[in-house]
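Each chain is listed here by its residues.
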Amino acid sequence: MEDIAPVAGPHPRTTSYLRLAPTTLISLAHDHHIIIDRLRDGDPRTLARVITAVENRTRGSAELLKALFPYTGHARVLGLTGAPGAGKSTLVDQLAKYFRKRNEKVGIIAVDPTSPYTGGAILGDRIRMQDHHADPGIFIRSMATRGSLGGLARTTADVASVLDASGRDLVMIETVGVGQDEIDIVRLADITVVILVPGMGDDVQSIKAGIMEIADIFVINKSDRDGAEHVEREIRALQSLAARSDGWTPPIVKTIASEGRGVAELAQSISGYESFLKKNNLARKRSIHNWKDRLVEMLRDAMLERARQELTEDRLEAYAEEIVSHKRDPYTLIEEIVATEN
């Protein structure tokens, strides 16, 4: 496992240098070709710190992403999501082992819940994947949800692009829960796997409709438990109500991830969907669709960042007081702010 924890330092908004060696400071803004060379050569420290810079949106990271973009487009991006307790981390761990046996380089992004004390990722996923610590072909990165105003999907996608540019063959994105953030993230994946387990209340009915709609493959993990057949019947019942526009019927794979059972079958289903996309010339269409979503996210983030730079905290508080006092309405205020920005 190649991963280096972020190094404490100046405020991420003002940091403009990336420490790549004990005695070397490389400017993100001016020496990105050196960083790219080290990244492409497989240096894990460079990869870890580039990801930190991208995640914190360090000054110069945007230029670095621009320079890395020509090297992207090789890796397959696999999104895995499901309710807490579904065994996602164990399944990701087993998939990583499977693909490593086929000599594929794997990158894993584990979107962890944010610690209420430190604001950082709790890192539960990396703790559960310690078997890979000596494998240079696997890079695992935990990302905190942070409770930020959007941007999580964009940051995750940018980190996935960095892993792609570093030469990874497969990038797996594991998300926490089944909320809107998770839906946004897995929408950016080439293939989306939704993981369910028996005995979780109303099972399929407890999963948001958005998650069900974006599933390319269903996994019933812990399938040795009572109720696995019931979950499968529910999924098939939902599939019978509405066919997908692309003609694909998501397969249902039963696994027991803790024992490694069903992992090969899941890998075959992933390969099967990839073949389906290529055969029907849908891979490019899906990429275009994903990039449309991603561009909207990037535009929204850029506009929000620009607005927040213009609006000081004092000014925001003054606006809020005027609204609470009913001196003005928020709708007209927003129109005025937008008009001013334009």
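Cut-offs used in this document
- Numbers given to residues run from 1 along each chain, matching the order in which its sequence is written.
- Local features in this predicted model are restricted to residues whose pLDDT is 70 or higher, and side-chain atom pairs enter the listing and the counts only when it is 80 or higher, whereas totals over whole chains, interfaces and linings include all residues.
- By convention in this description, side-chain values take in all heavy atoms of the structure and omit both hydrogens and water.
- Per-residue confidence from the predictor is reported as pLDDT, a score between 0 and 100.
- Contact criterion: two residues are considered in contact whenever any of their non-hydrogen atoms come within 4.5 Å of each other.
- Whenever a helix is involved, its axis is fitted only over the stretch in contact; in every case the axis is a line through C-alpha atoms, and angles between N-to-C directions fall within 0 to 180 degrees.
- Secondary structure is summarised from DSSP: a helix means a run of H or I of at least four residues, a strand means a run of E of at least two, and numbering begins at the N terminus for each.
- With respect to orientation, any angle under 35 degrees is reported as roughly parallel, any angle over 145 as roughly antiparallel, any angle of 65 to 115 as roughly perpendicular, and every other angle as oblique.
- Each crossing gets its hand from how the near helix is turned against the far one by less than a right angle, where anticlockwise is left-handed and clockwise is right-handed.
- When residue character is reported, Ala, Val, Leu, Ile, Met, Phe, Trp, Tyr, Cys and Pro are called nonpolar, Asp, Glu, Lys and Arg charged, and the others, Gly included, polar.
- Buried means the residue's accessible area, taken with a 1.4 Å probe over protein chains only, is under 20% of the maximum for its type, while exposed means over 50%, and partly exposed covers the values in between.
- A pair of strands is labelled paired if DSSP reports no fewer than 2 bridges between them.
- Think of it like this: strands point away, you trace from the first strand over the helix to the second, and a clockwise trace means the crossover is right-handed.
- Expected helix span is taken as 1.5 Å per residue step, with the number of steps being one fewer than the number of residues.
- To define a nonpolar core, start from buried Ala, Val, Leu, Ile, Met, Phe, Trp, Tyr and Cys residues and group those joined through side-chain atoms within 4.5 Å.
- Pairing of aromatic side chains requires ring centres within 6.5 Å, counting the rings of Phe and Tyr and the six-membered ring of Trp. Pairs whose planes differ by under 30 degrees are stacked, by over 60 edge-to-face, and all others tilted.

Asks: Whenever I open this one, the confidence of the model for the protein chain confuses me. Can you help?
Replies: For any part of a model where pLDDT is low, the fine detail of the predicted coordinates should not be relied upon. Put simply, the protein chain has an average pLDDT of 80, and 76% of its residues get 70 or more. Confidence drops under pLDDT 50 across residues 20-26; counting only partners more than four residues distant or on other chains, this segment forms 15 contacts. The low-confidence segment residues 115-127 (pLDDT under 50) makes 26 contacts with residues lying over four places distant or belonging to another chain.

Asks: Explain the packing of helix H1 (residues 32-40) against helix H2 (residues 44-56) here, please?
Replies: Two measures define how a pair of helices packs: the angle their axes make with one another and the distance between the axes. Where H1 meets H2, the axes come as close as 8 Å, and the angle between the chain directions of the two elements is 125°. One way to sum up the angle between H1 and H2 is to call them oblique. Crossing hand, H1 versus H2: left-handed. Contact residues: Ile-35, Arg-38 and Leu-39 in H1; Thr-46, Leu-47 and Val-50 in H2. For the contact of H1 with H2, the class distribution of residues is four nonpolar, one polar and one charged.

Asks: What is the right way to look at the pairing of strand S8 (residues 217-220) in this model?
Replies: The two faces of the sheet receive side chains in turn, since in a regular strand these alternate between them. Because side chains alternate across S8, one face comprises the buried residues Ile-217 and Val-219, and the other comprises Phe-218 and Ile-220, equally buried. Bridge count for strand S7 (residues 191-196) against S8 is four bridges, and the pairing is parallel. Bridge pairing links Ile-195 to Val-219 in S8. Taken together, the three bridges between S8 and strand S9 (residues 252-254) define a ladder with parallel strand orientation. Bridging from a neighbouring strand, Val-219 pairs with Val-253 of S9. Between the parallel pair S8 and S9, the chain is carried across by helix H9 (residues 228-241), and the sense of this crossover is right-handed.

Asks: Can you help me understand helix H10 (residues 263-279) in this one?
Replies: Working note: α-helix, 3.6 residues per turn, so residues spaced by three or four point in the same direction. Look at H10: 24 Å from first C-alpha to last across 17 residues, which is about the 24 Å you get at 1.5 Å a residue. Among all positions of H10, only Val-263, Leu-266, Ala-267, Ser-269, Ile-270, Tyr-273, Glu-274, Phe-276 and Leu-277 are buried. Where H10 is buried, its residues touch strand S3 (76-82), helix H4 (88-101), S7, S8, S9 and helix H11 (283-310). Two residues or fewer after H10 comes Asn-281, characterised by a positive phi angle close to 55°.

Asks: Quick question: what am I supposed to make of the nonpolar core here?
Replies: Across soluble globular proteins, nonpolar side chains show a tendency to be buried alongside one another. Leu-78, Leu-80, Leu-95, Ile-108, Met-172 and Leu-266 are the most contacted members of the largest nonpolar core, which has 32 residues in total. Among the secondary structure elements, those contributing two or more residues to this core are S3, H4, strand S4 (106-112), strand S5 (138-144), strand S6 (170-174), S7, S8 and H10. Core analysis: the next-biggest nonpolar cluster, separate from the first, contains 29 residues, Ile-35, Leu-64, Ala-75 and Ala-165 among them.

Asks: Help me out: how do you make sense of the packing of aromatic side chains in this one?
Replies: Any pair of aromatic rings gets described here by the distance separating the centres and the angle formed by the planes. Here the structure, examined in full by the defined rule, presents five aromatic pairs. For the ring pair Tyr-98 and Phe-99, a centre distance of 5.4 Å and an interplane angle of 85° mean the geometry is edge-to-face. With a centroid separation of 4.8 Å and an interplanar angle of 50°, the aromatic rings of Trp-248 and Tyr-273 are classed as tilted. In this pair, Trp-248 sits in the loop between H9 and S9 while Tyr-273 sits in helix H10, placing the two residues 25 residues apart along the sequence. Owing to a relative accessible area of 1%, Tyr-273 belongs among the buried residues under this scheme. By way of ring pairs, the aromatic residues Trp-248, Tyr-273 and Phe-276 are connected into one cluster.

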